[in-house]
Amino acid sequence: MFELLTDMNLLYDAFEKSKKGVGWKCSIQKYESNVLPELLKIRHALMNGTYKQKPFFEFDINERGKHRHIKSLHISDRVLQRCLCDNILNPIFYQYLIYDNGASVKGKGIDFTKRRLVAHLQKYYRKHGNKGYILVLDFKKFFDSIPHEQLMELVEKKIPDERVIALIRHMVDSFGEEVSLGIGSQVSQIFGIYYPTYIDNYIKIVKGCKYYGRYMDDLYVIHEDKEFLQQLKNELIEMAAMMGLTVNVKKTHIHRIDKGFTFVKIRHIVTPTGKIIRKPCKKNIVRERRKLKKMYKNGVPFEDVLESYKSWRGNMLRLNGYYAVKRMDELFNWLYGKELYESRQSIEPKRNQKNHR
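Tell me about helix α10 (residues 197–206), residues and numbers included.
Every buried residue of α10 is accounted for by T197, I199, D200, Y202 and I203. G208 sits one or two residues past α10 and shows a positive phi near 70°.

Outline the nonpolar core, listing residues and values.
For soluble globular proteins, the rule of thumb is that nonpolar side chains tend to be buried together. In terms of nonpolar packing, the biggest core is built from 73 residues, with L89, I159, I168, F191 and L232 touching the most fellow members. Counting 19 residues, the second largest nonpolar core, distinct from the first, contains V305, W312, L319 and M328.

Please give an account of helix α4 (residues 75–93) that cites residues and values.
The largest bend in α4 amounts to roughly 45° and is located at C85. Counting buried residues in α4 gives 14 out of 19 residues, a clear majority hidden from the surface.

Any chance you could break down the sheet that holds strand β8 (residues 266–270) for me, citing the residues and the numbers?
Strand order in the open sheet made by the three strands is β7-β8-β9, with antiparallel pairing throughout. Since the sheet does not close on itself, it has two edges, and those belong to β7 (261–263) and β9 (276–280), each with one partner. Averaged over neighbouring strand pairs, the angle between their axes works out to 35° when direction is ignored. Taken together, the five bridges between β8 and β9 define a ladder with antiparallel strand orientation. Considered in β9, the bridge of I269 is made with I277.

Can you lay out the sheet that holds strand β5 (residues 218–223) for me, pointing to particular residues and giving the numbers?
Strand order in the open sheet made by the four strands is β4-β5-β3-β6, with antiparallel pairing throughout. Looking along the sheet, the strands with just one partner apiece sit at the ends: β4 (212–215) and β6 (253–256). Adjacent strand axes in the sheet meet at a mean angle of 20°, parallel and antiparallel pairs treated alike. The sheet contact formed by strand β3 (residues 133–138) and β5 spans six bridges and is antiparallel. Among the inter-strand pairings, L135 is bridged to a residue of β5, identified as V221. Each of β3, β4 and β5 is contacted by helix α5 (residues 110–128), which is oriented at about 10° to β5, the strand it contacts most. Packed on one face of the sheet, helix α11 (residues 226–242) meets β3, β5 and β6 and runs near 15° to β3.

Pulling in residues and values, what's your account of the environment of I183?
Relative to the helices and strands, I183 resides in the loop between α8 (162–173) and α9 (186–194). Its relative accessible area of 22% is what places I183 among the partly exposed residues.

Tell me what's going on with the pattern of salt bridges, and back it up with residues and numbers.
Counted according to the given criterion, the structure contains 16 salt bridges. The salt bridge partner of R169 is E149, with a shortest N-O separation of 3.3 Å. With R169 in helix α8 and E149 in helix α7 (residues 148–158), the pair connects residues that are 20 residues apart, well separated along the chain. For R169, a relative accessible area of 25% translates into the label partly exposed. In this structure E149 comes out as partly exposed when scored by relative accessible area, which is 49%.

Outline a nonpolar patch on the surface, listing residues and values.
Taken together, the side chains of L317, Y322 and Y323 present a nonpolar region at the surface, about 350 Å² in accessible area. By secondary structure assignment, the location of Y323 is in helix α14 (residues 322–343). For Y323, a relative accessible area of 57% gives the class exposed.

Please set out the packing of α4 against α8 residue by residue, giving values where relevant.
Here α4 crosses α8 at 130°, and the two axes come no closer than 12 Å. Classed by the angle they form, the pair α4 and α8 counts as oblique. For the pair α4 and α8, the crossing hand works out as left-handed. Within the contact between the two elements, α4 uses L80, Q81, L84, I88 and L89 and α8 uses V164, L167, I168 and M171. Residue composition of the contact of α4 with α8, grouped by class: eight nonpolar, one polar and no charged.

A description of the environment of K123 should follow, citing residues and the corresponding values.
Examined against the element boundaries, K123 turns out to sit in helix α5. Note: C-alpha distance between K123 and I269 (146 residues apart in sequence) is 14 Å. Sequence-distant contacts of K123, defined by excluding residues within four places in its chain, comprise R116 and Y211.

Give a detailed account of the confidence of the model for the protein, specifying residues and quantitative values.
Per-residue confidence for the protein gives a mean pLDDT of 85, with 92% of residues at or over 70. Segment residues 350–357 is flagged for pLDDT under 50; beyond a separation of four residues in sequence, or across chains, it makes 16 contacts in the model.

Describe unusual backbone geometry, naming the residues involved and giving the relevant values.
Residue V264 is not a glycine yet carries a positive backbone phi of 45°. Assignment of secondary structure puts V264 in the loop between β7 and β8. Positive phi outside glycine occurs at K265, with the angle close to 70°. Given a relative accessible area of 38%, K265 falls into the partly exposed group.

Each value, and the rule that gives it
Residues numbered from 1 in each chain as written. Predicted model: local features only at pLDDT ≥ 70, side-chain atom pairs only at ≥ 80, totals over all residues. Heavy atoms only, no water. Buried < 20%, exposed > 50% of the residue type's maximum accessible area, 1.4 Å probe, protein only. Helix = DSSP H or I, 4+ residues; strand = E, 2+ residues; numbered from the N terminus. Core = buried A, V, L, I, M, F, W, Y, C linked by side-chain atoms within 4.5 Å. Bend = angle between axes of the 7 residues up to and from the residue. Pairing = 2+ DSSP bridges. Axes fitted to C-alpha atoms, helices over the stretch in contact; angles between N-to-C directions. Contact = heavy atoms within 4.5 Å. Salt bridge = Lys/Arg side-chain N within 4 Å of Asp/Glu carboxyl O. Patch = residues over 30% accessible without salt bridge, like charges linked within 9 Å, V, L, I, M, F, W, Y side chains within 5 Å. Areas by Shrake-Rupley, 256 points an atom, 1.4 Å probe, with all protein chains shown as cover. Parallel < 35°, antiparallel > 145°, perpendicular 65-115°, else oblique. Left-handed = near helix turned anticlockwise from the far one by under 90°. Nonpolar A, V, L, I, M, F, W, Y, C, P; charged D, E, K, R; others polar. pLDDT = per-residue confidence, 0-100.

And the structure:
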């Protein structure tokens, strides 16, 4: 197993994947100009047992109102982690994931989770109608709460090679704390997906909940009995505490599916006829309006603003948010009408533009 990490062909393939989308950066181009000697350095360090991960590039971002501290890897460490994940960790750990775990898995993702929720609601309706309940649960500071020792105990059960275990432990301990995995590392993403698998299996197998899904630190369970979900909620809080995780009580609720609930920023309602109504979350619309005004005020380049807005607009239209998009188009055209005319782009509608400041 360790030999996979010292194979030059696999290391080079890992570099090609790591540079995708960031090949324009100076650090990547500099590394690529001397790529074979750099890969040999990694190989020799692994074989001699002298590999040490370089210090992180640390910075903060504000994503959808949430403050996140990112620890980014040097390109040489990113290449090794890519090789480790693609050839060892992914084949081993992904086979233990339930089908309805859609986070950062090839062929899945956020859209997969959204589709599975709709499919579960439809299946539930065909059997029970629109009278039922859904438990929506969220973990608080998920990556910051994962304990290293408990994680490594799970890893050691699945990987028999001691040299690979030592390398993984070095990567995990490089975050400097005993209970945290940094955001920005591929190894952290895989372990973040796998770590709550015990909870997934408990809900699916032990409790027999068919209508269950999870996306990283967000999960839902649909059931006809509210008392069952309340008991399950209490059990999950206890299980999470045993694993070092904390349930966010403020974001964990039991809702009636016919009255509506929010999951992954989308409002869902099951009608008496079985139709699943999906609406964009109001907070997303308010945040986008503020974002557009702020970018205009701060002089963000029009090309960047346009790409960002088109992405948001397309997502809203998929959620049947026609009127929200119409009103946002009016604001966008009022702010950037001149730039749109000069670039010969079109954002509809252009009539009845008003001052939304």
